[in-house]
Amino acid sequence: MSDIKLFRIGQGGVSELSGTTDTIERSVQTLFEKNLEPLLGVRFLASEFNTTHGGRIDTLGLDENGCPVIIEYKRATNENVINQGLFYLDWLMDHQKDFQWLVMKTLGQKQAEAVDWSAPRLICIAGDFNRYDDHAVKQIQRNIELIRYRRFGAELLMLDLVSAKSVKSILGTQAASRAGKTDAGYKYKTIPTVLEELDDAMMDRYEALKAYLIALGDDVQETTVQFYIAYKRIKNFACVEFRPTSSKILLFLKVDSTTVELEPRFSRDVSKIGHYGTGDLEVTLSTTGDLEKAAPLIKLSYESS
């Protein structure tokens, strides 16, 4: 697929940095596992996790939305890493208690109880993918991402989101059904229920916000989890919640609140306030004009993700 070139600009001219992919793929896996959170927004749980059918999942993690993540590394150009990962994803959905036990041992009981099964993910990492891999991802009704890596010397690592498929409802419905949970099992209403309560004006505001978020780039993905809707590139840059009774849309962004001028009833620092979603800057959209005011903050969060 398409190649990315990196150049160093100096006083003597422009020189190209030679990009490489490691031939010893275990070293790549180790690099990612030691830095999962800054690289992918995923908390590390286990490496080479043995399944009950004799397989081994390369890396298991929990993403910033609390959803399970399987990471598989493509070690050969002819290896069908997508099918292998899907096989493990199905196994994981049938062994949720095993995963939650692992989360409890690694991250604690609170995190284990908060695991969100509405949007489990498969991330495939390789030095490159081909057009058949890209086509396969688009046909499969699962949350799958293909990420290409390239190293430029000892200090530079490039990640390129080659292809992604985000399933909004099919897998989430199956997950909720398997978990046996409905809104009655939660303290707060889930997103599907809340969306049905929005009036026309509020829905129009949300559609305008959604259109703006998606138009930021071809790499933007929308993921609906239990209590909010996340928009991400490789990592989240915006999370959306709704307050139908007050006709407010809450937008959580990954922007340092100390770098912006906070405005009462529009923006506030929630770094020390409990909330769903990721991002410590809360922006409240109460009118159609608020989106235009929020646009620079949204773009700032997008560019830093």
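Residues numbered from 1 in each chain as written. Predicted model: local features only at pLDDT ≥ 70, side-chain atom pairs only at ≥ 80, totals over all residues. Heavy atoms only, no water.

*Asks:* Explain empty space enclosed by the protein here, please?
*Replies:* With a probe scaled to a water molecule rolled over the atoms, the places where space remains empty come into view. Going through the model one piece at a time under the given rule, you end up with one cavity of 30 Å³ or more. In this model, the largest cavity occupies a volume close to 50 Å³. In terms of lining residues, the largest cavity is bounded by A119, R121, N143, I144, E145, K165, S166, Q221, T223 and K232. Those elements that provide at least two residues to the lining of the largest cavity are β8 (143-152) and β10 (221-224). (1 Å grid on protein atoms, 1.4 Å probe; cavity = no way out; pocket = protein on both sides within 12 Å on 5 of 7 lines; lining within 4 Å. Points joined across faces, edges and corners; volume = space filled by probe spheres on them. Helix = DSSP H or I, 4+ residues; strand = E, 2+ residues; numbered from the N terminus.)

*Asks:* Help me understand the pattern of salt bridges, please; the structure alone is not making it clear to me.
*Replies:* Opposite charge on two side chains permits pairing when their charged atoms draw close. The tally for this structure, following the rule as stated, stands at 17 salt bridges. Note that K293 is salt-bridged to E263, the shortest N-O span being 3.0 Å. Placement of K293 in helix α10 (residues 290-303) and of E263 in the loop between β13 (248-253) and β14 (267-269) is noted, with a sequence separation of 30 residues between them. Residue class for E263 comes out partly exposed when judged on its relative accessible area of 33%. (Salt bridge = Lys/Arg side-chain N within 4 Å of Asp/Glu carboxyl O. Buried < 20%, exposed > 50% of the residue type's maximum accessible area, 1.4 Å probe, protein only.)

*Asks:* Just checking my understanding: could you explain helix α9 (residues 200-214) for this structure?
*Replies:* Helical periodicity: at 3.6 residues per turn, an α-helix aligns residues three or four positions apart in one direction. Compared with an ideal rise of 1.5 Å per residue, which puts 15 residues at 21 Å, α9 spans 21 Å between its outermost C-alpha atoms and is within 8% of the ideal. Lining the buried residues of α9 we find β10, β11 (229-232), β12 (236-243), β13, β15 (281-285) and α10. (Expected span 1.5 Å × (residues − 1). Contact = heavy atoms within 4.5 Å.)

*Asks:* Looking at this structure, I do not really get a nonpolar patch on the surface. What am I missing?
*Replies:* Judged by side-chain polarity, F7, I9 and V14 come together as a nonpolar surface patch covering roughly 350 Å² of accessible area. As for its position among the elements, I9 is in strand β1 (residues 6-10). Take I9: its relative accessible area is 73%, and that puts it in the exposed class. (Patch = residues over 30% accessible without salt bridge, like charges linked within 9 Å, V, L, I, M, F, W, Y side chains within 5 Å. Areas by Shrake-Rupley, 256 points an atom, 1.4 Å probe, with all protein chains shown as cover.)

*Asks:* Where do I start with α10 in this structure?
*Replies:* The end-to-end C-alpha separation of α10 is 20 Å, in line with the 20 Å expected for 14 residues at 1.5 Å each. Along α10, the positions that sit buried rather than exposed are D290, L291, A294, A295, L297, I298, S301 and Y302.

*Asks:* Mind showing me how you'd approach the packing of aromatic side chains here?
*Replies:* Each aromatic ring pair is characterised by the separation of its centres together with the angle its planes make. According to the stated counting rule, one finds seven aromatic pairs in the structure shown. Over the face of the ring belonging to Y302 we find R233, whose NZ or CZ atom lies 4.0 Å from the ring centre. For K293, the ring lying beneath its charged end belongs to F266, and the centroid distance is 4.3 Å. (Phe/Tyr/Trp six-rings, centres within 6.5 Å; stacked < 30°, edge-to-face > 60°. Lys NZ or Arg CZ within 6 Å of the ring centre and 35° of its normal.)

*Asks:* Before we go on, may I ask you to explain the sheet that holds β15 in this structure?
*Replies:* One key point about sheets: their strands pair by backbone hydrogen bonds, in either a parallel or an antiparallel sense. Strands sit in the order β10-β11-β12-β13-β15-β14 across an open sheet of six strands; the sheet is antiparallel. The open sheet is flanked by β10 and β14, the only strands paired with a single partner. Adjacent strand axes in the sheet meet at a mean angle of 20 degrees, parallel and antiparallel pairs treated alike. For β11 and β12, the ladder comprises four bridges, and the chain directions are antiparallel. Across the sheet, the residue bridging to A230 is C239, located in β12. (Pairing = 2+ DSSP bridges. Axes fitted to C-alpha atoms, helices over the stretch in contact; angles between N-to-C directions.)

Read these as spatial facts, not as claims about activity.
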